[in-house]
Every structure is written in C-alpha cells, then in structure tokens.
Amino acid sequence: MIGPELERLIQLLARLPGLGPRSARRAALHLIDKRDAVMVPLAEALAEAAAKVRICPLCGNFDTVEPCAICTDAKRDQTVLCVVEDVASLWAMERSGCFAGRYHVLGGLLSALDGIGPEDLGINRLVEKVRCDGVTEIILATPATVEGQTTAHYLADRLATTGAAISGLAHGVPIGGELDYLDDGTISAALRARRAF
Ligand SMILES: [Zn+2]
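Rules of the game
- Each residue is numbered by its place in its chain's sequence as written, counting from 1.
- Owing to the predicted nature of the model, reporting of local features is limited to residues with pLDDT of at least 70; listing and counting of side-chain atom pairs is limited to 80 or more, with chain, interface and lining totals taken over all residues.
- Side-chain metrics in this entry use all non-hydrogen atoms of the structure; hydrogen atoms and water are not considered.
- Coordinating donors are taken to be N, O and S atoms lying within 2.8 Å of the metal, or within 3.2 Å when the metal is Na, K or Ca; because water is excluded from the atom set, some sites may appear incomplete.
- In short, tetrahedral needs four donors with all angles between 85 and 135 degrees, square planar needs four and octahedral six donors with opposite donors over 155 degrees apart and all other angles between 65 and 115, and whatever is left is irregular.
- Burial classes: relative accessible area under 20% of the type maximum marks a residue as buried, over 50% as exposed, and values in between as partly exposed (1.4 Å probe, protein chains only).
- Helix numbering and strand numbering both begin at the N terminus, where a helix is a DSSP run of H or I of at least 4 residues and a strand a DSSP run of E of at least 2.
- This arc corresponds to the set of directions leading from the helix axis out to the C-beta atoms.
- Using only the protein atoms, space was sampled on a 1 Å grid; points where a 1.4 Å probe fits but cannot get out form cavities, open sets with protein on both sides within 12 Å along at least five of seven lines form pockets, and lining residues are those with an atom within 4 Å of a point.
- Grid points are joined across faces, edges and corners, and a volume is the space filled by probe spheres set on the points.
- We call Asp, Glu, Lys and Arg charged. Ala, Val, Leu, Ile, Met, Phe, Trp, Tyr, Cys and Pro are nonpolar, and the rest, Gly among them, are polar.
- We call two strands paired when DSSP finds no fewer than two bridges between them.
- Crossovers are described as right-handed under a simple rule: with the strands pointing away from the observer, the path leading from the first strand over the helix to the second runs clockwise.
- One speaks of a salt bridge when a side-chain nitrogen belonging to Lys or Arg is within 4 Å of a carboxyl oxygen belonging to Asp or Glu.
- A 3.5 Å cut-off defines polar contacts: any pair of N or O atoms within that distance qualifies, except that in protein one atom must be a possible hydrogen donor and the other a possible acceptor, and neighbouring residues in sequence count only when both atoms are side-chain atoms.
- Note on contacts: a residue pair qualifies if any of its non-hydrogen atoms lie within 4.5 Å across the two residues.

Draft legend 1. Up close: the coordination of the zinc ion. Cys 56 (SG), Cys 59 (SG), Cys 68 (SG) and Cys 71 (SG) make up the full set of protein donors to the zinc ion, lying at 2.3 Å. Around the zinc ion, the 4 donor atoms are arranged such that angles at the metal cover 104 to 114 degrees; this shape is classified as tetrahedral. Sequence positions of the donors to the zinc ion reduce to the motif C-x2-C-x8-C-x2-C. Side by side, Cys 56 and Cys 59 carry an identical accessibility label, which is buried.

Draft legend 2. Quick peek at helix α5 (residues 123-132). Among the residues of α5, Ile 123, Leu 126, Val 127, Lys 129 and Val 130 are the ones counted as buried. Axial view of α5: buried residues confined to an arc of 160 degrees, hence all on one face. Away from the buried face of α5 by more than 90 degrees, exposed residues Asn 124, Arg 125 and Cys 132 are located. Count one or two residues on from α5 and you reach Gly 134, which has phi positive near 70 degrees.

Draft legend 3. Layout of the layout of surface pockets. Considered as a void within the structure, the largest pocket measures approximately 270 Å³ in volume. Taken together, 15 residues form the lining of the largest pocket, with Leu 58, Cys 71, Leu 81, Lys 129 and Asp 133 sitting closest to its centre. Contributions of two or more residues to the lining of the largest pocket are made by β3 (80-84), β4 (102-105) and α5. Tallied by class, the residues present in the lining of the largest pocket amount to 9 nonpolar, 2 polar and 4 charged.

Draft legend 4. Here's a closer look at the pairing of β4. A two-sided burial pattern is seen for β4, the buried positions comprising Arg 102 and His 104 on one face and Tyr 103 and Val 105 on the other. As judged from the 4 bridges shared by β3 and β4, these two strands associate in the parallel manner. Among the inter-strand pairings, Cys 82 is bridged to a residue of β4, identified as Tyr 103. After leaving β3, the chain enters helix α4 (residues 87-96) and then returns to the sheet as β4, a path that is right-handed.

Draft legend 5. Up close: the pairing of β3. Across the 5 residues that make up β3, a large majority, 5, are buried. Burial of β3 is two-sided: the residues Val 80, Cys 82 and Val 84 facing one way and the residues Leu 81 and Val 83 facing the other way are all buried.

Draft legend 6. Just the pattern of salt bridges, in detail. Going through the model one piece at a time under the given rule, you end up with 3 salt bridges. Residue Glu 94 pairs with Arg 76 through a salt bridge whose shortest N-O separation is 2.8 Å. Taken as a pair, Glu 94 in helix α4 and Arg 76 in the loop between β2 (62-63) and β3 lie far apart in primary sequence, 18 residues in all. Overall, Glu 94 belongs to the partly exposed group, its relative accessible area being 26%.

Draft legend 7. Representation of the side chain of Arg 76. Residue class for Arg 76 comes out buried when judged on its relative accessible area of 11%. Side chain to side chain, Arg 76 and Glu 94 meet in a polar contact 2.8 Å long. Apart from residues no more than four positions distant in its own chain, Arg 76 is found in contact with Ile 70, Glu 94, Phe 99, Ala 100, Gly 101, Arg 102 and Tyr 103.

Right under this line is the structure:
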C-alpha cells in the first residue's frame, strides 16, 4: 500500500515516547503535508543534534558544548549542587528558573527490583565531587516515588560525611491543587511539611 521509505518513517516515529502506530501514521502524514515548513527543518535539526549533542562530563546534562553551558556559566553558584534522576528532571528544574547552582545527573534510581545498586549510579564519584569541588549545599531533587525517596535517603547517608548541608524538595499540595483531589499520602506529607505564616 505504501513504499518502504514511508513504512520505515512510520515505524521509526512509532518508537517515540507517547506515539503508537496510529499517531505515528498521523505524524508522518503531517510531515509530508508540511514538507517545507516542518519536515525539512526537522530532518536538519535531527541531523545536527545527532552530530553535535554530547553528555557533559561534569554533570551529565546534554548539550552541544562540553562541558555544558550550565557548568561553564560563571554566574552560577558552584557551592550548591542539585542531584536529579535524569536530564528531563534537570530541564524541569531549569524551566522553573528558581535554581542558580549546578547539577549532578544520577542517570537512574536505586532499585532492588531492577538490580540497580550504588555502583551503577556512580555515587562514589558524586561523593568525591562534593569533597573536591567545594560544594557546601546539596539539594536532593529525586522524584517523590518509593525508589526516588530510597535513593535520596541513601545519598543523604553517604553524603553526610562531606559536611555539606543536605536538603530534599518539599512534598505536598501542588500550586492550584484542591485538597479533595489529592491522595492521602500527599496530604499527610503536606501536613508534616507545613510552614509558619
Ligand atoms: Zn554540565
């Protein structure tokens, strides 16, 4: 029905997160329909990213320069380090515009189920980095999941000997959140983390 090139395009699109075969076909048709406005610039952007994107050797972020733009930004506070699970979390923190320190990307979370231990996440390197780089404050920004919190507690234990102040992100009521829609765990976490007005 369709040629092998288009079949291949659809199969590759279907591998993207959030896209199944049906949405991949729709995306392929959209690309063909908008050949000049979308398809050609997208192909160029993909080729350029594939050729240039690197993993920052200092923090684990993705960028086209090495070290990344965050690590080389002299305006950012070198003494504050935010530990995140992955680059998606790092980019989310950056979108908030509220953090002006540097990052450390773990590349995963501790998981007994998946057999991921401290050595897989390079935690010794993180402890070494905190000691050598003059880091005085560490923010553990792992997810509010069982694995995220297990990882945060393990990191807090391991990093305690460095003398840096260690904190974790608060858990509780999201901005714009109605109490009635929250699960019991979130409400009890918010109650425990209440603050004085
Ligand atoms: Zn970096």
